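Letter by letter, the chains look like this.
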Amino acid sequence: MPLIETHSLTKRYPRVTALDGLTVDVEPGIVGLVGANGAGKSTLIKIMLGLLDRDAGDLRVLGMDPATDGEAIRARVGYMPEHASLPPDMIAAEFVTHMGRMSGLPKAAARERASEALRHVGLYEERYRQIGGYSTGMKQRVTLAQALVHDPDLLLLDEPTNGLDPAGREAMLGLIERIGTEFGISVVVCSHLLGEVERICESLIAIDSGKLLRADRISSMTRRRDVLVVEVDEGTDQLLDHLHGLGLPVERAGPELLVPLAGDETFDQIMAAVAALDLPLHRLDQRRHGLAELFADAPLESSHG
Amino acid sequence: MAELTAGAGGVRPAGRTPGGVIHDIGYQRYTGPRLGRSRVVLALFGHSLRTAYGLGRTAKAKVFPGILVVLGVAIAVVAVAIRTQTGEVEVNYLQFVDTMSVPLLLFLAVIAPELVCRDLRSRVLPLYFSRPLRRSDYALAKLAATLSAAFLLLAGPLLLMLLGGLFAQTGGAHGAWHEITDFLGGLGYAALTAIVWGAFALPLAALTSRRAIAAVVIAIGFVVTTPVVGVLMSLGGTTARQLASLANPVSLVSGLEAWIYRTDVQDIGGFGPVYLLVAVALVAVSTAVLLLRYRKVAA
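Residues numbered from 1 in each chain as written. Chains lettered and ligands numbered in written order. Predicted model: local features only at pLDDT ≥ 70, side-chain atom pairs only at ≥ 80, totals over all residues.

Topic: the sheet that holds strand β1 (residues 4-12) of chain A
All names here are of chain A. Taken in spatial order, the 3 strands make up an open sheet running β2-β1-β4, and their pairing is antiparallel. For this open sheet the edge positions go to β2 (17-26) and β4 (56-61), each flanked by a neighbour on one side alone. Here the strands of the sheet are splayed against their neighbours by 20 degrees on average, with no regard to which way each runs. Across 6 bridges, β1 lies against β2 in antiparallel orientation. Bridging from a neighbouring strand, Ile4 pairs with Val26 of β2. (Pairing = 2+ DSSP bridges. Helix = DSSP H or I, 4+ residues; strand = E, 2+ residues; numbered from the N terminus. Axes fitted to C-alpha atoms, helices over the stretch in contact; angles between N-to-C directions.)

Quick word on the domain arrangement of chain A
Per the domain assignment, the segments of chain A are domain 1 (4-221) and domain 2 (225-289). Computed from C-alpha coordinates alone, the two centres of domain 1 of chain A and domain 2 of chain A are separated by 41 Å. (Domains from an automatic or database assignment.)

A closer look at the interface of chain B and chain A
Tallying the contact residues gives 30 residues for chain B and 31 residues for chain A. Every element with two or more residues in the side of chain B that touches chain A is listed here: α2 (37-52) and α6 (125-129) of chain B. The dominant element in the side of chain B that touches chain A, judged by the number of residues it contributes, is α2(B), at 6 residues. For the side of chain B that touches chain A, the residue count by class is 15 nonpolar, 8 polar and 7 charged. (Contact = placed C-beta atoms within 7 Å. Nonpolar A, V, L, I, M, F, W, Y, C, P; charged D, E, K, R; others polar.)

Focus: the packing of helix α3 (residues 59-86) of chain B against helix α5 (residues 101-121) of chain B
All names here are of chain B. Where α3 meets α5, the closest approach of the two axes is 11 Å, and the angle between their N-to-C directions is 160 degrees. Looking at the two axes, α3 sits roughly antiparallel to α5. Two packed elements cross with a definite hand, and for α3 against α5 that hand is left-handed. Contact residues: Phe64, Leu68, Leu71 and Gly72 in α3; Pro103, Phe107 and Val110 in α5. Split by residue class, the contact of α3 with α5 holds 6 nonpolar, 1 polar and no charged. (Parallel < 35°, antiparallel > 145°, perpendicular 65-115°, else oblique. Left-handed = near helix turned anticlockwise from the far one by under 90°.)

A look at helix α2 (residues 66-76) of chain A
Within an α-helix, residues lying three or four positions from one another point in the same direction, as the helix has 3.6 residues per turn. Regarding α2(A), the residues found buried are Pro66(A), Gly70(A), Ile73(A), Arg74(A) and Ala75(A). Buried residues belonging to α2(A) abut α1 (41-48), β4 and β5 (77-80) of chain A. (Buried ≥ 20, exposed ≤ 12 C-beta atoms within 10 Å, placed from the backbone.)

So, the pairing of strand β3 (residues 30-34) of chain A
All names here are of chain A. Burial of β3 is extensive: 5 of the 5 residues sit out of reach of the surface. Here β3 shows two buried faces, one formed by Ile30, Gly32 and Val34 and the other by Val31 and Leu33. Relative to strand β7 (residues 186-191), β3 is paired through 5 bridges, and the arrangement is parallel. Residue pairing in the sheet places Ile30 in a bridge with Val187 of β7. Sheet topology places β3 next to strand β8 (residues 203-208); 4 bridges connect them, and they run parallel. Bridge pairing in β8 links Gly32 to Leu204.

Brief notes about the sheet that holds β5(A)
Residue and element names in this part refer to chain A. A sheet is described by the order of its strands in space; here 6 strands give the open sequence β5-β6-β7-β3-β8-β9, paired in mixed fashion. Every interior strand has two partners, whereas the edge strands, β5 and β9 (211-217), have only one. Put simply, the sheet's adjacent strands are angled 15 degrees from each other on average, direction ignored. Of the strand pairs in this sheet, β5 and strand β6 (residues 154-158) are connected by 4 bridges, and their pairing is parallel. Pairing of Met80 across the sheet is with Leu157, part of β6. Against the sheet, helix α6 (residues 166-181) touches β3, β6 and β7, its axis set at about 150 degrees to β7.

Some points on the nonpolar core
Val96(A), Leu108(B) and Ala112(B) are the most contacted members of the largest nonpolar core, which has 142 residues in total. Per element, the largest residue contribution to this core is 14 residues, and it comes from helix α7 (residues 135-168) of chain B. (Core = buried A, V, L, I, M, F, W, Y, C linked by C-beta atoms within 7 Å.)

Topic: unusual backbone geometry
Residue and element names in this part refer to chain B. One non-glycine residue with positive phi stands out, namely Arg123, at about 50 degrees. Following the sequence through the fold, Arg123 ends up in the loop between α5 and α6. For Arg123, a count of 17 C-beta atoms within 10 Å translates into the label partly exposed. In this structure, Arg262 is a non-glycine residue whose phi angle is positive, near 50 degrees. Among the secondary structure elements, Arg262 is positioned in the loop between α12 (249-261) and α13 (272-296). Note on Arg262: 8 C-beta atoms within 10 Å, which makes it exposed.

Dropping the structure here:
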């Protein structure tokens, strides 16, 4: 059963069309929903939760129609909104317990699962502190914990890394990846940063102005791989020939040579080649071979990293 | 550590490594019961009612409700003491509710903002609305909690007065029965007051996300029409005087008391049913405003 199916899904606001005939099927797993701000990501999520009505088209979430089964969907979905904040004077464990009860867990189960959820997001030691004293990153984790407390089948995360510093972003992305792979919960991650979600997602849906740009499994879009970028001040052709001679599939891009990274030995091979040819090495660094090129024409903001 | 004391020759369960048990601390799926929407609303009601009295919250949040509870109980204890000492009923059940009117108004001005403004201010509502319960469920659970909290503030001391009264009365079984009906009358009046005032106060609180402002708005809401009542009382004819109390939620409830319990707190002539109608309308309109407010609030 597909996780989410939409067919000609349309939502119009008085001045803008937020979703314009969107048709896409989403298989379970970690799914990235990317698009610039205002592309219609949050609108899609709210329609999936049954919080907004669609104007036209069909939609199934977990096999149910949000317009009629919104309650049943919301019982099995965890939602982390973009701008949510938390009651500062409540203790994190109490708050997550309360939210578990609001999702239909009996009291004792809610208490137990709140502790578990806070442990999984890495706040076990701090769970009896007031939320007001938490850092932004910790608050985001509490928001994630409340979405996880009732063991949903699907997590909808709207810009989960917003407002986090680079280390916080890394930690949050790592956490989401764990939830999707180890916990067996499907995750839809909304982001305007393609580079951020492509690393953890198994499939990607790119929308722009409410229209589908592309939806596919990441593996079929591009091999996820790293490349080494080598640049020498002179003798680029020489090095290219030498590396070809070693059987490395080197590509030339202007002054740079791109070598697919197979392991640590790739580094060694390049260093040995540069040393053997006695070339002045300008730089040698590792770069992620990203999806950004695939969306080069689309008005997406590129990743900072 | 039974595993370690089992000894080297002991048979270990398959899959366990020597030297101890590896605890599975991975993610566990939840297989227990999931309660329906009505139970969720009930849980929200219970949580809100506890919040109103500061239960499950910081010590600071317990101070104000605590003072009012102690005040109510103290009045009841004094009333019972006077009655057992002198045999005279100085404060009856209805009079107790009237005595508590200012504390009850203060209580509402504090707890109504407490119950709704905190969630509005911390923008936590999207987390509620993405769960099974509906917007109207949320609003009605908060309303029920406000009314119940107000009622309990009066009902507790009334019960104390009943227990004292049953010991103090000398009329035997007949007297006891009389005492109980008086108590039930007082309880009904307490419920009436809690419903009309609570329903009036909560939508006022929900208009703003700032608790202090909400408290002031509620206070103003309760007193803003008192001059109207005053002017009509002093200048109007008999009919105007008898209808004047409709203009304010506090005097409206006294008017109802006068009609239902035939007390002489107010002269409302034969307009009792009008008072009832206006009270019902006030509760209905207030509830509608509250529901409308939560239909508009962003999710």
